[in-house]
Amino acid sequence: MRHVHWLRIGPVGFRIGSDWRAPVDLLRDLYRDYPAPAGGIADFTVRLSATRPWRRFIRPSVAIGGDYWLADAAPLPLAQGLLAAEMAMNLQLALGERRFLLLHASVVERDGAALVMTGESGAGKSTLAALLAARGWRLLGDEFALLDPATGLVHPFPRLVSLKNSAIALVAGATPGARLGPLLASTPKGDIRHLVPDARAIAGMDQPARPAMILFPRYGHAAATRPVGAGEVFVRLTQASTNYTALGERGFDALTRLVAGVPARAIDYPDTDAAMQQVEALWQTR
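To keep things clear, this report deals only with the structure shown in the data block.

1. Regarding the packing of helix α3 (residues 125-134) against helix α9 (residues 272-284)
Here α3 crosses α9 at 65°, and the two axes come no closer than 11 Å. Considering their axes alone, α3 and α9 lie roughly perpendicular with respect to each other. When the axes of α3 and α9 are compared, the crossing they make is right-handed. Each of Thr127, Leu128, Leu131 and Leu132 in α3 lies in contact with α9, whose residues at this interface are Thr272, Ala275, Met276 and Val279. Within the contact of α3 with α9, the residues separate by chemical class into six nonpolar, two polar and no charged.

Here it is as structure tokens:
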């Protein structure tokens with residue numbers, strides 16, 4: 001790769017290489033407060049490469065790859081190189097991580113206790129995590145919860161928070177001092193802008209937390225709250241994990257302990273103000 005950046009997010013180190021300078025320069029800027037991997041050794045390599053040699057110059061097209069790749073992954077235009085890099089980092093972790101049980105979730109922490117929020121795409125996990133962080137919670141992660149099978153603790157993975165469409169202005173208004181990446185218009189998921197986690201999240205990314213509540217949010221419905229039974233929680237979390245099957249017995253034991261030891265709730269909410277009230281009320285009575 002012509003241009004390379006080394007980066008550590010929580011316990012995971014990346015070597016990110018690109019055929020173009022622009023995506024790497026943008027990563028260096030947005031992740032400038034993050035350390036390099038310990039000892040200069042990365043856990044995963046990311047590659048942003050041209051789909052054809054001439055595509056470095058003519059209608060540049062970025063193929064997403066690295067140690068792990070998907071044959072049917074669609075390339076992105078160079079203008080969306082930052083999104084390609086973020087997707088490639090997530091792909092390496094999703095397909096290659098074996099130390100932690102991965103859950104597709106947003107995670108925030110207060111007083112050493114973690115709130116794990118998971119659900120279908122569009123549930124508002126990233127938005128809620130960003131807004132809770134603006135209210136004093138520590139952001140542990142936007143994309144993945146990293147559950148240690150040995151200790152039951154959730155390790156931080158505070159990557160850039162991916163804000164989509166109407167959430168961009170909402171979160172920007174709630175966090176006036178925050179750093180945001182460029183607006184990436186008309187991506188496969190609509191308009192996207194990345195929020196840089198605050199200093200507290202970055203400083204605390206080596207400090208795990210014990211999960212204290214699992215929350216299944218659902219946006220666009222009248223406000224309602226309900227408990228979720230252990231059987232439903234287990235099934236939904238296996239569906240939310242990218243490496244549950246690969247971990248085998250370790251994954252089953254870790255998930256079983258999590259479900260048995262942590263209360264789970266589901267909320268429907270019509271807007272983020274209602275969601276904030278529901279989360280705070282549930283947290284006080286957990």
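There is more to say after this.
2. Examining the side chain of His3
Along the chain, His3 falls in strand β1 (residues 3-9). Residue His3 is classed as buried on the basis of its relative accessible area of 19%. The residues touching His3, leaving out its near neighbours within four places in the chain, are Ile16, Gly17, Ser18, Asp19, Trp20, Arg21 and Val24.

3. Considerations on the nonpolar core
Counting 36 residues, the largest nonpolar core has Ile9, Phe14, Tyr31, Met89, Leu93, Leu146 and Phe157 as the members making the most contacts within it. Contributions of two or more residues to this core are made by β1, β2 (12-18), α1 (21-30), β3 (44-50), β4 (61-66), α2 (81-96) and β10 (144-147). With eight residues, α2 is the single largest residue contributor to this core. Not counting residues within four places of it along the chain, the set of residues in contact with Ile9 comprises Phe14, Tyr31, Tyr34, Met89, Phe157, Pro158, Arg159 and Met205. Among the nonpolar cores identified, the runner-up in size contains 28 residues, and Val108, Ala113, Ala275 and Val279 belong to it.

4. Concerning the sheet that holds strand β16 (residues 224-227)
An order of β9-β7-β8-β15-β17-β16 is seen for the six strands of this open sheet, with the pairing classed as mixed. A single partner strand is all that each edge strand has here, and the edge strands are β9 (138-141) and β16. The average angle at which neighbouring strand axes cross in this sheet is 25°, direction not considered. Summarising the sheet, β16 and strand β17 (residues 264-269) pair through four bridges and their orientation is antiparallel. When the sheet's bridge partners are listed, Thr225 is paired in β17 with Ile267. Packed onto the sheet, helix α6 (residues 230-240) meets β15 (210-219), β16 and β17 and runs at close to 80° relative to β15.

5. Examining the layout of surface pockets
If you add up the space inside the largest pocket, you get close to 1,200 Å³. Lining of the largest pocket is provided by 45 residues; of these, Ser121, Ser126, Ser162, Lys164 and Lys189 occupy positions nearest its centre. Counting residues per element, the ones that place at least two in the lining of the largest pocket are α2, α3, β12 (161-164), α4 (166-174), β14 (190-195) and α6. Element by element, the count of residues in the lining of the largest pocket is highest for α2, at six residues. Of the residues assigned to the lining of the largest pocket, the class counts are 21 nonpolar, 16 polar and eight charged.

6. So, α3
The buried fraction of α3 amounts to nine of the 10 residues, a majority that puts the element mostly inside the structure. Buried within α3 we find Lys125, Ser126, Thr127, Leu128, Ala129, Ala130, Leu131, Leu132 and Ala133. Once α3 ends, the next one or two residues include Gly136, with phi positive near 110°.

7. What to know about the side chain of Glu86
Within the secondary structure, Glu86 is located in helix α2. A distance of 2.8 Å separates the side chain of Glu86 from the side chain of Tyr31, its partner in a polar contact. Apart from residues lying up to four places away in sequence, Glu86 is in contact with Leu27, Tyr31, Arg159, Leu160 and His194.

8. A look at the pattern of salt bridges
Two side chains bearing opposite charge may form a pair once their charged atoms approach each other closely. As enumerated under the stated definition, the model contains 13 salt bridges in all. Between Glu86 and Arg159 there is a salt bridge, with the nearest N and O atoms lying 2.8 Å from each other. Within this pair, whereas Glu86 is found in helix α2, its partner Arg159 is found in the loop between β11 (154-155) and β12, the two being separated by 73 residues in sequence. Glu232 is the salt-bridge partner of Arg226, the closest N and O atoms lying 3.1 Å from each other.

9. What to know about α4
Those residues of α4 that fall on the buried side of the exposure criterion are Ala167, Ile168 and Val171. With its buried residues spanning 105° around the axis, α4 presents them on a single face. Opposite the buried face of α4, at more than 90 degrees from it, the exposed residues are Ser166, Ala169 and Gly173. Where α4 is buried, its residues meet α3, β12 and β14.

What counts, and at which threshold
Residues numbered from 1 in each chain as written. Predicted model: local features only at pLDDT ≥ 70, side-chain atom pairs only at ≥ 80, totals over all residues. Heavy atoms only, no water. Axes fitted to C-alpha atoms, helices over the stretch in contact; angles between N-to-C directions. Helix = DSSP H or I, 4+ residues; strand = E, 2+ residues; numbered from the N terminus. Parallel < 35°, antiparallel > 145°, perpendicular 65-115°, else oblique. Left-handed = near helix turned anticlockwise from the far one by under 90°. Contact = heavy atoms within 4.5 Å. Nonpolar A, V, L, I, M, F, W, Y, C, P; charged D, E, K, R; others polar. Buried < 20%, exposed > 50% of the residue type's maximum accessible area, 1.4 Å probe, protein only. Core = buried A, V, L, I, M, F, W, Y, C linked by side-chain atoms within 4.5 Å. Pairing = 2+ DSSP bridges. 1 Å grid on protein atoms, 1.4 Å probe; cavity = no way out; pocket = protein on both sides within 12 Å on 5 of 7 lines; lining within 4 Å. Points joined across faces, edges and corners; volume = space filled by probe spheres on them. Polar contact = N/O pair within 3.5 Å; in protein donor to acceptor, adjacent residues only side chain to side chain. Salt bridge = Lys/Arg side-chain N within 4 Å of Asp/Glu carboxyl O. Arc of directions from axis to C-beta.

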